[in-house]
Amino acid sequence: MSVQERKQRERAERERLIVATARELAEQQGWDAVTTRRLAERIEYSQPVLYSHFRGKREIIGAVALEGAAELAVALRAATSAADGPRARVTALARAYLDFAERNPAVYDAIFQLDGGLAFAHEDTPAPLKDAFAALLESLGEVAGDGVDTGLFTELFWASLHGLATLTRAGRLPPPETGRRVELLVDRLAVLP
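About the thresholds
- Residues numbered from 1 in each chain as written.
- Predicted model: local features only at pLDDT ≥ 70, side-chain atom pairs only at ≥ 80, totals over all residues.
- Heavy atoms only, no water.
- Helix = DSSP H or I, 4+ residues; strand = E, 2+ residues; numbered from the N terminus.
- Buried < 20%, exposed > 50% of the residue type's maximum accessible area, 1.4 Å probe, protein only.
- Contact = heavy atoms within 4.5 Å.
- Areas by Shrake-Rupley, 256 points an atom, 1.4 Å probe, with all protein chains shown as cover.
- Lys, Arg positive; Asp, Glu negative; His and termini not counted.
- Charge placed at Lys NZ, Arg CZ, Asp CG, Glu CD.
- Expected span 1.5 Å × (residues − 1).
- Arc of directions from axis to C-beta.
- Axes fitted to C-alpha atoms, helices over the stretch in contact; angles between N-to-C directions.
- Parallel < 35°, antiparallel > 145°, perpendicular 65-115°, else oblique.
- Left-handed = near helix turned anticlockwise from the far one by under 90°.
- Nonpolar A, V, L, I, M, F, W, Y, C, P; charged D, E, K, R; others polar.
- Salt bridge = Lys/Arg side-chain N within 4 Å of Asp/Glu carboxyl O.
- UniProt positions renumbered as here; feature names shortened; annotations may be inferred.
- Core = buried A, V, L, I, M, F, W, Y, C linked by side-chain atoms within 4.5 Å.
- Domains from an automatic or database assignment.

(A) Here's a closer look at the overall build of the protein. A tally of regular secondary structure across the protein gives 9 helices and 0 strands. In sequence order, the secondary structure elements of the protein are arranged as α-α-α-α-α-α-α-α-α. On the principal axes, the C-alpha backbone points of the protein span a range of 60 × 40 × 30 Å. Considering the protein as a whole, with its 193 residues, one finds that 39% of them fall into the buried category. Taking the intrachain contacts of the protein between residues at least 6 apart in sequence as the baseline, contacts between residues at least 24 apart amount to 64%. Summed over all atoms, the accessible surface of the protein reaches about 10,700 Å², with 52% contributed by carbon and sulfur. Put simply, the protein has 24 plus and 28 minus side-chain charges, and the middle of one group is 5 Å from the middle of the other.

(B) Geometry of helix α9 (residues 178–189). With 12 residues, α9 should cover 16 Å at 1.5 Å per step; its first-to-last C-alpha distance of 16 Å lies within 8% of that length. Residues of α9 that are buried include every one of Arg-181, Val-182, Leu-185 and Val-186, and no others. For α9, the angular spread of the buried residues around the axis is 130 degrees, confining them to a single face. Facing away from the buried surface of α9 by more than 90 degrees, the exposed residues are Arg-180 and Arg-188.

(C) The arrangement of the packing of helix α5 (residues 86–103) against helix α8 (residues 150–169) in detail. Packing of α5 against α8 leaves a shortest axis separation of 10 Å and a crossing angle of 40 degrees. For the element pair α5 / α8, the angle class is oblique. The handedness of the crossing between α5 and α8 is right-handed. Along its contact with α5, which presents Val-90, Leu-93, Ala-94, Tyr-97, Leu-98 and Ala-101, the element α8 presents Phe-157, Trp-158, Leu-161, His-162, Leu-164, Ala-165 and Arg-169. Residue composition of the contact of α5 with α8, grouped by class: 11 nonpolar, 1 polar and 1 charged.

(D) Looking closely at the pattern of salt bridges. Enumeration according to the criterion identifies 15 salt bridges in this entry. The shortest N-O distance in the salt bridge between Asp-109 and Arg-169 comes to 2.6 Å. Taken together, the positions of Asp-109 in helix α6 (residues 105–112) and Arg-169 in helix α8 put the pair 60 residues apart, joining distant regions of the chain. Judged by its relative accessible area of 15%, Asp-109 is buried. For Arg-169, a relative accessible area of 43% corresponds to the partly exposed category. Here the residues in one salt-bridge network are Arg-23, Glu-67 and Glu-71, joined through shared partners.

(E) Here's a closer look at the UniProt feature "domain: HTH tetR-type" (unreviewed entry) in the protein. Look at the UniProt record and you will see "domain: HTH tetR-type" (unreviewed entry) annotated at residues 12–72. For residues 12–72, helix accounts for 80% and strand for 0%, while the C-alpha atoms at its two ends are 22 Å apart.

(F) Main features of the nonpolar core. Judged by nonpolar contacts, the single largest core of 50 residues is most densely connected at Trp-31, Leu-76, Tyr-97, Leu-140, Phe-157 and Leu-161. For this core, the secondary-structure elements that each account for two or more residues are α1 (3–29), α2 (36–43), α4 (57–81), α5, α6, α7 (127–140), α8 and α9. Two domains share this core, each providing at least three of its residues, namely domain 1 (1–53) and domain 2 (60–189).

(G) Layout of unusual backbone geometry. Of note, the phi angle at Glu-44 is positive, near 60 degrees, even though the residue is not glycine. The exposed category is assigned to Glu-44, whose relative accessible area is 71%. The residue Ala-121 is not glycine, and still its phi comes out positive at about 55 degrees. The topology assignment puts Ala-121 in the loop between α6 and α7.

Following this line, the structure appears as structure tokens:
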């Protein structure tokens, strides 16, 4: 291994450490607790080293969002691949989405609530964000209905799931009713055979 390759590998490892530490800190104490000073202390590197990887907190949030979007896509596909039939797939997708949001609140916020400097719904949208949307579209496209734009239908269904996730977490909707909400959402929005 050349010196250049070793330095690149070490840089990539430091970057992964910064992102993992930011994510851990955000999940434990919230995003307000994630500062370059705290991150530098936790990973035992100086702040200038952090700034050599990320220009600031916004870029760190973006890196967490990209990692989280990739994980969300995997979770959605795993849930839908184990389901049989359109109703079961859409229900599994909704439950997997809400479960991801509940288990990873800081990551969910990084993806959908906070400014990570990432473009959504543009040509330059990063691949992990596009793939997370594609994971939704794969199951929802088959239940959009004849003549309905599958992209718009997916956006509407996603917005409904996002609303359920954020309102439940904020205590505005009682969690015990989540299953019934999912069933109602699937029954009323999806055109099922």
